[in-house]
Each structure stands twice: as structure tokens, then as C-alpha cells.
Amino acid sequence: MGAQAPIAVGSGKPQAVVSLELAESGCAALGLEKGDGPGTHREKQITVELADRSLHGTGSTAEVSAPGGAGLALGDSSTISYWNTTPELALQ
């Protein structure tokens, strides 16, 4: 998996399409790799592309910074959840 590769959607269930008003927040869960095994790389920041209701990229992006100094451990089995309105729903 390269630094430009998309992250696969995990096995969670999407709720209805999440539409946010200006200044509202959405939540998604990023499944990271354990440790620093083969095929794992660390990123201190990732770019998330936002999609419309048809799941087509809008060209709008958001930058997500890793907490702490080690960075996010990403690899071929990393996944992302569907967007939800609460962290609890994103982790299901």
C-alpha cells in the first residue's frame, strides 16, 4: 500500500447518508496496523476526500493529523468505517 492508496471500507454498516450542516461534525473510524511489520508505514497526516450522496468524490478534502509523534500505522489491511454522526456509531 503506497502513501497515495485509498483505504478500504471496513465491514461496518452505514447508517442513512450523513449530511452535515456548516460547523457540524461527522465521525469515521480508521483501523490501524499493529506494530511496524512488513508492509506497514507511518503517516503523520492523511488527507480525506469528501464524497457526495452518490459516493462520488467532491474534490473537497480534510486533513487529519495523527495524535502523538509516532504517526498512524497504515498497511494493506487498514480500513475506514462509513461516516456517522457519533463516535459510537462509527465504531460499530
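Now for a description of the structure that goes with this document. (Residues numbered from 1 in each chain as written. Predicted model: local features only at pLDDT ≥ 70, side-chain atom pairs only at ≥ 80, totals over all residues. Heavy atoms only, no water.)

Some thoughts on the pattern of salt bridges
Pairs can form between side chains of opposite charge whenever their charged atoms are close.
Phase 1 of the analysis: By the definition in use, this model includes 1 salt bridge.
Phase 2 of the analysis: Of the charged contacts, one joins aspartate 36 and arginine 42 as a salt bridge, the two residues approaching to 2.7 Å between their closest N and O atoms.
Phase 3 of the analysis: Given the relative accessible area of 57%, aspartate 36 is considered exposed.
Phase 4 of the analysis: Assessed through its relative accessible area of 35%, arginine 42 is described here as partly exposed. (Salt bridge = Lys/Arg side-chain N within 4 Å of Asp/Glu carboxyl O. Buried < 20%, exposed > 50% of the residue type's maximum accessible area, 1.4 Å probe, protein only.)

A few points about the layout of surface pockets
Phase 1 of the analysis: There is about 170 Å³ of room inside the second largest pocket.
Phase 2 of the analysis: Considering the residues around the second largest pocket, the lining is formed by Ala28, Leu30, Leu32, Ile46, Val48, Val64, Ser65, Pro67, Leu72, Ile80 and Trp83.
Phase 3 of the analysis: For the lining of the second largest pocket, the elements supplying multiple residues, two or more each, are strand S4 (45-51) and strand S5 (57-65).
Phase 4 of the analysis: When its residues are assigned to classes, the lining of the second largest pocket shows 10 nonpolar, 1 polar and no charged. (1 Å grid on protein atoms, 1.4 Å probe; cavity = no way out; pocket = protein on both sides within 12 Å on 5 of 7 lines; lining within 4 Å. Points joined across faces, edges and corners; volume = space filled by probe spheres on them. Helix = DSSP H or I, 4+ residues; strand = E, 2+ residues; numbered from the N terminus. Nonpolar A, V, L, I, M, F, W, Y, C, P; charged D, E, K, R; others polar.)

What to know about the environment of threonine 61
Phase 1 of the analysis: Position of threonine 61 relative to the elements: it lies in strand S5.
Phase 2 of the analysis: When its relative accessible area of 46% is taken as the criterion, threonine 61 is described as partly exposed.
Phase 3 of the analysis: For the pair threonine 61 and threonine 47, spaced 14 residues apart in sequence, the C-alpha separation works out to 6.4 Å.
Phase 4 of the analysis: Excluding residues that lie within four positions of it along the chain, threonine 61 makes contacts with Thr47, Val48 and Glu49. (Contact = heavy atoms within 4.5 Å.)

Quick word on the environment of isoleucine 7
Phase 1 of the analysis: Mapped onto the secondary structure, isoleucine 7 falls in the segment before strand S1 (8-9).
Phase 2 of the analysis: Here isoleucine 7 falls in the partly exposed class, since its relative accessible area comes to 23%.
Phase 3 of the analysis: Taking C-alpha positions, isoleucine 7 is 6.4 Å from isoleucine 80, a pair spaced 73 residues apart along the chain.

A word on the pairing of S4
Phase 1 of the analysis: Both S4 and S5 contribute to a ladder of 6 bridges, which runs antiparallel. From the neighbouring strand, isoleucine 46 faces S5, where its bridge partner is valine 64.
Phase 2 of the analysis: A loop of 5 residues connects S4 with S5, the two strands running antiparallel in sequence, and leucine 55 in this loop sits at a positive phi of about 65°. (Pairing = 2+ DSSP bridges.)

Some thoughts on the sheet that holds strand S7 (residues 79-80)
For sheets, the rule is that strands pair by backbone hydrogen bonds, running either parallel or antiparallel.
Phase 1 of the analysis: If you trace the 3 strands from one edge of the open sheet to the other, you get S1-S7-S2, paired in mixed fashion. Edge positions in the sheet fall to S1 and strand S2 (30-31), since each of these pairs with one other strand and no more.
Phase 2 of the analysis: Judged from the 2 bridges that link them, S2 and S7 form a sheet pairing that is antiparallel. Its bridge partner lying in S7, leucine 30 is registered against isoleucine 80.

What is shown is where atoms sit, not what they do.
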